Structure formats: structure tokens, C-alpha cells
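Residues per chain are reported as follows:
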Amino acid sequence: MPALTAWSTLALAVIAGIALFGARGQIKEARKLRKSTSRAYVTVHAEGDKETQTINLHVTNAGLTHAENVRVTIDPPLEAAASWIDHD
């Protein structure tokens, strides 16, 4: 009877080890999912109005966290504003 208990305990330890190994993969995937869903997703949309010769620039953050250091580059630069655009 003690031998049966020892083998049962060993089998249980092996099964627990396999479960732990499988759980590590799930934890890694959960971390990746959490990071990707908590990012800032910034979109830029421009609408031109020929009548007033203006451009409305809409910058939107669709993510769950705030966006930092957002830069918008217009390529090619607008010709009407070419004289006062600061080129790096």
C-alpha cells in the first residue's frame, strides 16, 4: 500500500508539472493581449474645404491609454504653407 501511495503522489506531481508548463504559455499570451489592448492607437484624418481654403486635421486616440509625443508629418508638405513650415 505505501508503494501505491508513492506512485500516486509521483503521478500527481508529474500532472501538476505539466499543468504548470501549460499555464506558463497562457500567462504569456494574457500579458501580450493586455499590452496590445492598453496601447494608444492614434489616427489622423484631414478634411479639406475648397470654399474657405482650409484643412481640418482630426487627431484621435482610439486606445485605452493616453498618447505621448505624437507627431504628424504631411508628405509632401503643403505648398501654400511651404514658406513658414519648419523643415528639420
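Definitions and limits used
Residues numbered from 1 in each chain as written. Predicted model: local features only at pLDDT ≥ 70, side-chain atom pairs only at ≥ 80, totals over all residues. Heavy atoms only, no water. pLDDT = per-residue confidence, 0-100. Helix = DSSP H or I, 4+ residues; strand = E, 2+ residues; numbered from the N terminus. Patch = residues over 30% accessible without salt bridge, like charges linked within 9 Å, V, L, I, M, F, W, Y side chains within 5 Å. Areas by Shrake-Rupley, 256 points an atom, 1.4 Å probe, with all protein chains shown as cover. Salt bridge = Lys/Arg side-chain N within 4 Å of Asp/Glu carboxyl O. Buried < 20%, exposed > 50% of the residue type's maximum accessible area, 1.4 Å probe, protein only. Pairing = 2+ DSSP bridges.

1. Focus on the confidence of the model for the protein
Line of reasoning, step 1. Scored by pLDDT, the protein has a mean of 81; 90% of the residues are at 70 or more.
Line of reasoning, step 2. Least confident of the elements in the protein is strand E1 (residues 42-49), whose mean pLDDT is 85; most confident is strand E2 (residues 54-61), at 87.

2. Topic: a nonpolar patch on the surface
Line of reasoning, step 1. A grouping of Val 42, Val 44, Ile 55, Leu 57, Val 59, Val 70, Val 72, Ile 74 and Leu 78 is seen on the molecular surface, where their side chains present a nonpolar patch of about 700 Å² in accessible area.
Line of reasoning, step 2. Listed by contribution, the elements that provide at least two residues to the nonpolar patch are E1 and E2.
Line of reasoning, step 3. Top element by residues in the nonpolar patch is E2. It accounts for 3 residues.
Line of reasoning, step 4. Positionally, Ile 74 belongs in the segment after E2.
Line of reasoning, step 5. Relative accessible area serves as the criterion here: at 44%, Ile 74 is assigned to the partly exposed category.

3. What about the pattern of salt bridges?
Line of reasoning, step 1. Evaluation of the coordinates by the stated rule reveals 1 salt bridge.
Line of reasoning, step 2. One salt bridge in this structure joins Glu 29 and Lys 32, with 3.6 Å as the shortest N-O distance. Of this pair, Glu 29 and Lys 32 both sit in helix H1 (residues 2-37), 3 residues apart, which is roughly one turn of that helix.
Line of reasoning, step 3. Taking the relative accessible area as the measure of exposure, Glu 29 reaches 47% and is therefore partly exposed.
Line of reasoning, step 4. According to the relative accessible area criterion, Lys 32 is exposed, its value standing at 53%.

4. Concerning unusual backbone geometry
Line of reasoning, step 1. Although it is not a glycine, Asn 69 sits at a positive phi angle of roughly 55°.
Line of reasoning, step 2. Structurally, Asn 69 is set in the segment after E2.

5. Some thoughts on the pairing of E2
Line of reasoning, step 1. Two strands pair when backbone bridges link them, and E1 and E2 are joined in this way by 8 bridges, in the antiparallel orientation. Within E2, the position partnered with Gly 48 by the bridge is Ile 55.
Line of reasoning, step 2. Linking two consecutive strands that pair antiparallel, namely E1 and E2, is a turn of 4 residues; a positive phi of about 55° is found at Gln 53 within it.

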